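Single-letter residue listing:
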Amino acid sequence: MRVVVAALTHSSTNLQNDDLLYVEMAHELIATGVLDTGDFVRPPLYFLFIAALSLGNAPWMVALKGVQCIAGTLVAVPVYGVARRIGGTFAARVAAAVVLFDPTLIAYCHLLWPETLYLLLVTWVFARATLLRVGSGWRIPVLGAVTGLAMLLKPVFGLFTLFLAGAWWRDHGFRPALRIALGFGLATALVISPWVIRNQRAYGASILLENQGPYNLWVGNTKDSPFEVLEEWRALPDPVARSRAGMQRGLAAIAEAPIDFVNRSIAQGLNVWGFEFFVIRNLIFGGYGSVAPATLLAAFWTIQLAWTLVLALAALGVRRARHDRGFALILGFAVALTLLVGTMVGTTRFRVPLTLLVAVSAGVGAEQLRARRLEARDLVAAGLAGIVLFHSFTRPVFVRIIGAQYEKVEELRDPAWFFFRY
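Per chain, residue numbering runs from 1 following the sequence as it is written. For this predicted model, a pLDDT threshold of at least 70 governs which residues receive local features, and a threshold of 80 or more governs which side-chain atom pairs are given and counted, while totals over whole chains, interfaces and linings are taken from all residues. Where side-chain values are given, they derive from all heavy atoms of the structure, hydrogens and water being excluded.

### Overview of the overall build of the chain
Helices and strands together make up the secondary structure of the chain, namely 22 helices and zero strands. Our radius of gyration looks at C-alpha atoms and nothing else; its globule reference is 2.2 Å times the residue count to the power 0.38. A compact globule built from 422 residues would reach a C-alpha radius of gyration of about 22 Å, and the chain, at 21 Å, matches this within 12%. For the chain, the spread of C-alpha atoms along the three principal axes comes to 55 × 55 × 55 Å. Per-residue burial over the chain gives 51% buried out of 422 residues. Here, two residues are considered to be in contact whenever any of their heavy atoms come within 4.5 Å of each other. Restricting the contact set of the chain to residue pairs at least 6 apart, pairs at least 24 apart contribute 77%. Carbon and sulfur atoms make up 66% of the accessible area of the chain, which totals about 18600 Å². For helices the rule is a DSSP run of H or I covering at least 4 residues; for strands it is a run of E covering at least 2, with both sets numbered from the N terminus onward. Categorising residues by exposure relies on relative accessible area from a 1.4 Å probe, with only protein chains included: less than 20% of the type maximum marks a residue as buried, more than 50% marks it as exposed, and the intermediate range marks it as partly exposed. All accessibility values rest on the Shrake-Rupley procedure with a 1.4 Å probe; residue burial counts only the protein chains present in the view.

### Comments concerning the packing of aromatic side chains
Pairing of aromatic rings covers Phe, Tyr and Trp, the last counted by its six-membered ring, and requires centre-to-centre distances within 6.5 Å; plane angles under 30 degrees mean stacked, over 60 mean edge-to-face, and any other angle means tilted. Following the criterion strictly, the structure yields 24 aromatic pairs and no others. Note on F160 and F333: the rings are 5.3 Å apart at their centroids and 70° apart in plane angle, and the pair reads as edge-to-face. Within this pair, whereas F160 is found in helix 10 (residues 159–172), its partner F333 is found in helix 18 (residues 325–342), the two being separated by 173 residues in sequence. Put simply, the rings of Y118, F126, F157, F160, F163 and F333 touch in pairs and so form one group of aromatic residues. A ring is considered to have a charge above it if a Lys NZ or an Arg CZ atom is located within 6 Å of its centre and within 35 degrees of its normal. Between R351 and the ring centre of W307, over which it is positioned, the NZ or CZ distance is 3.7 Å. Taking NZ or CZ as reference, R370 lies 4.3 Å from the ring centre of F90, over its face.

### Thoughts on helix 6 (residues 89–101)
The end-to-end C-alpha distance of helix 6 is 18 Å, a good match for the 18 Å that 13 residues give at a rise of 1.5 Å each. If you follow the buried residues of helix 6, they end up packed against helix 1 (2–9), helix 4 (60–74), helix 5 (76–87), helix 7 (103–108), helix 17 (293–321) and helix 19 (355–371). Expected span, for any helix, means 1.5 Å times one less than how many residues it has.

### A look at the side chain of D378
Take D378: it is sitting in helix 20 (residues 376–393). According to the relative accessible area criterion, D378 is buried, its value standing at 0%. Apart from the residues lying within four places of it in its own chain, the contact partners of D378 are A315, L316, R319, Q368 and R373.

### Focus on the side chain of Q68
Mapped onto the elements of the fold, Q68 is located in helix 4. In terms of polar contacts, Q68 uses its side chain to reach the side chain of Y46, at 2.5 Å. A polar contact is formed between the side chain of Q68 and the backbone oxygen of L111, at a distance of 2.9 Å. N or O atoms within 3.5 Å of each other form a polar contact, as long as, within protein, one can give a hydrogen and the other can take it, and as long as residues adjacent in sequence are counted only when both atoms are side-chain atoms.

### As for the pattern of salt bridges
Salt bridge criterion: a side-chain nitrogen from Lys or Arg within 4 Å of a carboxyl oxygen from Asp or Glu. The tally for this structure, following the rule as stated, stands at 15 salt bridges. Between R85 and D324 there is a salt bridge, and its shortest N-O distance comes to 2.9 Å. Of this pair, R85 sits in helix 5 while D324 is found in the loop between helix 17 and helix 18, placing the two residues 239 residues apart along the sequence. Residue R319 is joined to D378 by a salt bridge in which the shortest nitrogen-to-oxygen separation is 2.8 Å. Of this pair, R319 sits in helix 17 while D378 sits in helix 20, placing them 59 residues apart in sequence. Across the pair, exposure class does not vary: R319 and D378 are buried alike.

### With respect to the packing of helix 3 (residues 45–54) against helix 4
With axes taken as lines fitted to C-alpha atoms, and helix axes fitted only over the stretch in contact, angles between N-to-C directions fall between 0 and 180 degrees. It is the contact of helix 3 with helix 4, at a shortest axis distance of 8 Å, that shows an interaxial angle of 125°. As far as their axial angle goes, helix 4 and helix 3 are oblique. Judged by the sense of rotation from one axis to the other, the crossing of helix 3 with helix 4 is right-handed. Here Y46, F49, I50, L53 and S54 of helix 3 come into contact with helix 4, specifically with W60, A63, L64, V67 and Q68. Among the residues forming the contact of helix 3 with helix 4, the class breakdown is eight nonpolar, two polar and no charged. Every angle not falling under 35 degrees, over 145, or within 65 to 115 is termed oblique; those three ranges are roughly parallel, roughly antiparallel and roughly perpendicular. Left-handed is the label given to a crossing in which the near helix is rotated counterclockwise from the far helix by less than a right angle, and right-handed is the label when the rotation is clockwise. By the convention adopted, Pro, Cys, Tyr, Trp, Phe, Met, Ile, Leu, Val and Ala count as nonpolar, Lys, Arg, Asp and Glu as charged, and the other residues, Gly among them, as polar.

### Here we look at the state of the cysteines
A pair of sulfur atoms, both from cysteines and within 2.5 Å, is called a disulfide here. Throughout the structure, instances matching the rule amount to zero disulfides. There is no disulfide at C69, and the cysteine sulfur nearest it, in C109, is 5.0 Å away. Looking at C109, the relative accessible area reads 0%, which means it is buried.

### Some thoughts on the environment of V310
Residue placement: V310 occurs in helix 17. When the C-alpha atoms of V310 and A294 are compared, they prove to be 24 Å apart, with 16 residues separating the residues in sequence. What V310 contacts, discounting residues up to four positions off in sequence, is V98, V358 and A362.

### Focus on the packing of helix 6 against helix 19
The relative placement of two packed helices comes down to the angle between their axes together with the axis-to-axis distance. The contact between helix 6 and helix 19 brings their axes to 7 Å, and the two run at 135°. Between helix 6 and helix 19, the crossing angle belongs to the class labelled oblique. Handedness of the crossing formed by helix 6 with helix 19: right-handed. Residues F90, A91, V94, A95, V98 and V99 of helix 6 form the contact with helix 19, whose own contacting residues are T355, A359, V360, A362, G363, V364, A366, E367 and R370. Among the residues making up the contact of helix 6 with helix 19, the classes are represented as eleven nonpolar, two polar and two charged.

### Brief notes about helix 2 (residues 17–32)
Its 16 residues give helix 2 an end-to-end C-alpha distance of 22 Å, which sits within 8% of 22 Å, the value for a rise of 1.5 Å per residue. Listing the buried residues of helix 2 in full gives D19, L21, Y22, V23, M25, A26 and L29. Buried residues belonging to helix 2 abut helix 3, helix 4 and helix 16 (278–284). G33 sits one or two residues past helix 2 and shows a positive phi near 80°.

See below:
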């Protein structure tokens, strides 16, 4: 299915913004040997991935999408294994189906974004790292290296290593946990160290892997126009000055109106678990060129109905699934990531690495529903999921789409929505 959708959309794909930047900078790397990541210091792995596939005379974009389709399909393997361990064969089949037929995950495979590769790497770590022990041998450094690769796509994944270290200490005691952590951490450090050293030499201690966090803090909390923020960011002389300004402006905006910050953080945190901004980014803002209103509505409702079903099943299964210690660890990371994203900008791209959590919960929920083993507490969780969905449906951007309050899709191109202010 991923290959079919990629083929059907190939001719209409319109590279712009981040996806265009990845291509341009990857090709510049091939021509000059120097990696430039644009207005932000970004992690390098996706640039290197595109550059590697662009070497030679092969149709590199076809190859890139093909590799991403394979990677996106392989995610179902570790998801199936974890769901089977927790809920049995039926739960595993449902969990795998959630991954294989999720319309947004299918779409990511033909986009020039790092989400598909990132998802495969973090799912591998989620499925295996919580099972590590002193006798795990080569699996310890391998999973540490995979974690490093994931951080070279999205550095925020480094936060999960803190949860892992705590779990190893809890399960094995201090000294065995220290031995696991040293092997794991050394492998992670070796993978990320070239990029860290490069940034240290260029910018000093203020930038390790990226500087998009300060920008997200600034643009997510200021009342200024997002275009004004971006223009001011670009006008600053260097990445260090931009990082410092982003942190200062973001923290100043929070201190100026702390109540507004709390309310905004709640809304942005809910946005992470709401409906997919893919519709906004790719259909409203021209990721596929000019789109008819009927096409927009069809894609919109396909994504909304699929996510509604998955989230409802996940709510019914999360209570039972969290009894598994590995799953509970991932759930804790999901809560921490949601709180962190809530302080900046809330977009469902941050939910992509948590696909295993959602899919396994949905599989277990489907098994609970089939076996009629639901309890009142499960219905409470479903009610909370309903609140998240209601919040999504009442956001201005979706109200306009649902009510068909436009004649052309271009009428929906609100700059605030482009910067995730919905």
